[in-house]
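What the coordinates show
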Amino acid sequence: MTPRVVLTIAGSDSGGGAGIQADLKTFAALGVFGASVITAVTAQNTLGVTDIHPVPAESVAAQLDAVLSDLTVAAVKVGMISDPAVAKVIAARAAELPNLVVDPVLVATAGSRLGEAAVVGVLLAYPCILTPNRHEAGALLGRPVETAEEMVSAAAELAELGPRAVVVTGSELALDVLHHDGKTVLLPGSPVPTRNNHGSGCTFSSAIAVRLAAGDTVPDAVRAAKEYVHRGLLGGSAWRLGAGPGPLDHFGWSI
């Protein structure tokens with residue numbers, strides 16, 4: 001049987017834990033064929049980001065045209081966008097991007113800034129699934145988002161900007177908030193005691209895209225993605241890959 005195709009539009013992580021690399025690992029682990037459009041090349045490892053080279057908007061457009069002209073894409077995940085011109089390229093093709101999931105990658109796990117809220121804001125008017133962590137939600141809204149109550153209000157407020165649904169993730173709190181069809185649902189989880197959470201947001205949004213491509217409803221896709229990330233955190237919890245926050249176990253090697 002021919003596999004479904006899921007596309008990631010994101011930055012490259014030379015350390016392999018996040019970005020394009022995490023997205024493609026997630027796609028492979030969950031049984032879809034992954035295609036990619038690279039928006040930036042970063043020099044990074046578990047300790048942080050030392051260099052960012054944005055890919056010119058013309059090249060991003062050419063990559064996107066090459067994929068869409070040949071492959072039948074069932075879902076699309078958008079990650080790191082550091083250039084407003086790239087955001088405009090993606091927005092101009094939004095009608096061709098089914099089951100669009102937007103992960104507003106603004107700050108890396110190690111604290112390095114990767115994007116600006118104003119750049120990501122261009123995509124919020126489209127019917128996407130928006131998946132900020134609580135710090136990114138705060139950046140998009142221009143105010144701190146820390147508590148569960150603030151996450152609930154942030155999800156509802158971001159949904160008013162146009163997304164089809166909003167999931168504000170709680171990171172180490174293991175509490176996520178889903179706002180969809182005018183309703184807000186709390187999705188509690190069990191925190192995993194580990195420093196190895198690099199790429200968890202990328203993995204979560206990519207897993208949502210996979211499940212949407214398979215025909216899941218938004219709530220079911222979000223719950224399945226949350227469970228997949230939880231298993232990945234458990235599997236990699238004791239790993240010592242690098243001196244900083246390490247990656248998830250995408251393939252269940254340690255479970």
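These notes cover the structure that comes with them. (Residues numbered from 1 in each chain as written. Predicted model: local features only at pLDDT ≥ 70, side-chain atom pairs only at ≥ 80, totals over all residues. Heavy atoms only, no water.)

A short note on the sheet that holds strand 7 (residues 165–169)
Keep this limit in mind: Between any two strands, pairing holds if DSSP finds at least two bridges. Secondary structure elements are taken from DSSP: a helix is a run of H or I of four residues or more, a strand is a run of E of two residues or more, and numbering for both begins at the N terminus.
If you walk across this open sheet you meet the 9 strands as 3-2-1-4-5-6-7-8-9, and the pairing is mixed. Every interior strand has two partners, whereas the edge strands, strand 3 (48–54) and strand 9 (183–187), have only one.

What to know about the pattern of salt bridges
Side chains bearing opposite charge may pair, as long as their charged atoms lie close to each other. Heads up, the rule is: The rule for a salt bridge is simple: a side-chain nitrogen of Lys or Arg has to be within 4 Å of a carboxyl oxygen of Asp or Glu.
Within the structure shown, the criterion is met by 7 salt bridges. Note that Glu 227 is salt-bridged to Arg 231, the shortest N-O span being 3.9 Å. A residue pair is termed a helical-turn pair when its members lie 3 or 4 positions apart in one helix, as Glu 227 and Arg 231 do in helix 8 (residues 218–235) at 4 residues.

Some points on the nonpolar core
Condition: Definition of nonpolar core: a set of buried residues of the types Ala, Val, Leu, Ile, Met, Phe, Trp, Tyr and Cys, connected through side-chain atoms within 4.5 Å. Throughout, exposure labels follow a simple rule: accessible area from a 1.4 Å probe, protein chains only, divided by the maximum for the residue type, with under 20% read as buried, over 50% as exposed, and the rest as partly exposed. Only heavy atoms enter the contact rule, under which two residues are in contact if any of them lie within 4.5 Å.
With 43 residues, the main nonpolar core has Leu 7 and Val 78 as its most contacted residues. Dropping the residues within four chain positions of it, Val 78 is found in contact with Ile 9, Ile 90, Leu 100, Val 101, Val 102, Asp 103 and Leu 123. By size, the runner-up hydrophobic cluster in this structure holds 26 residues, among which are Phe 27, Val 192, Ala 213 and Leu 248.

Side note on the packing of helix 7 (residues 200–213) against helix 8
What counts is decided by this rule: Here the axes come from fitting lines to C-alpha atoms, over the contacting stretch only for helices, and the angles between their N-to-C directions go from 0 to 180 degrees. Under this scheme an angle from 65 to 115 degrees is roughly perpendicular, one under 35 degrees roughly parallel, and one over 145 degrees roughly antiparallel; angles in between are oblique. Note on convention: the crossing is left-handed when the near helix lies turned anticlockwise from the far helix by less than a right angle, right-handed when the turn is clockwise. The residue classification treats Ala, Val, Leu, Ile, Met, Phe, Trp, Tyr, Cys and Pro as nonpolar and Asp, Glu, Lys and Arg as charged. All others, Gly included, are polar.
At a minimum axis separation of 8 Å, helix 7 and helix 8 run at an interaxial angle of 140°. Judged on the interaxial angle alone, helix 8 and helix 7 are oblique. As helix 7 runs across helix 8, the sense of the crossing is right-handed. Contacts between helix 7 and helix 8 involve Ser 200, Thr 203, Phe 204, Ala 207, Ile 208, Arg 211 and Leu 212 from the first element and Val 218, Ala 221, Val 222, Ala 224, Ala 225, Lys 226, Tyr 228 and Val 229 from the second. Classifying every residue of the contact of helix 7 with helix 8 gives 11 nonpolar, 2 polar and 2 charged.

Section: helix 2 (residues 57–68)
Our working rule: By this rule, a helix spans an expected 1.5 Å times one less than how many residues it contains.
The end-to-end C-alpha separation of helix 2 is 16 Å, in line with the 16 Å expected for 12 residues at 1.5 Å each. Looking at the buried residues of helix 2, the elements they touch are strand 1 (5–13), strand 2 (33–45), strand 4 (73–78) and helix 3 (84–92).

Focus: the environment of Asn 45
Stated precisely, the cut-off is as follows: Counting of polar contacts relies on pairs of N or O atoms within 3.5 Å, with two restrictions inside protein: one atom must be capable of donating a hydrogen and the other of accepting it, and residues adjacent in sequence are counted only when both atoms are side-chain atoms.
Here Asn 45 is to be found in strand 2. The class for Asn 45 is partly exposed, based on a relative accessible area of 42%. Taking the C-alpha atoms as reference points, Asn 45 and Ile 129, 84 residues apart in sequence, are found 28 Å from one another. A polar side-chain atom of Asn 45 sits 2.8 Å from the main-chain amide nitrogen of Leu 47.

Quick word on the packing of aromatic side chains
Our working definition: For Phe, Tyr and Trp, where Trp contributes only its six-membered ring, two rings pair if their centres lie within 6.5 Å, and the inter-plane angle classes them as stacked under 30 degrees, edge-to-face over 60, or tilted in between.
All chains considered together, the criterion is met by 2 aromatic pairs. Ring geometry for Phe 251 versus Trp 253: centroids 5.2 Å apart, planes at 40°, classification tilted. The partly exposed category is assigned to Phe 251, whose relative accessible area is 38%. Taken together through their ring pairs, the aromatic side chains of Trp 239, Phe 251 and Trp 253 make up a single cluster.

Fair warning: the whole summary comes from geometry, so function is off the table for now.
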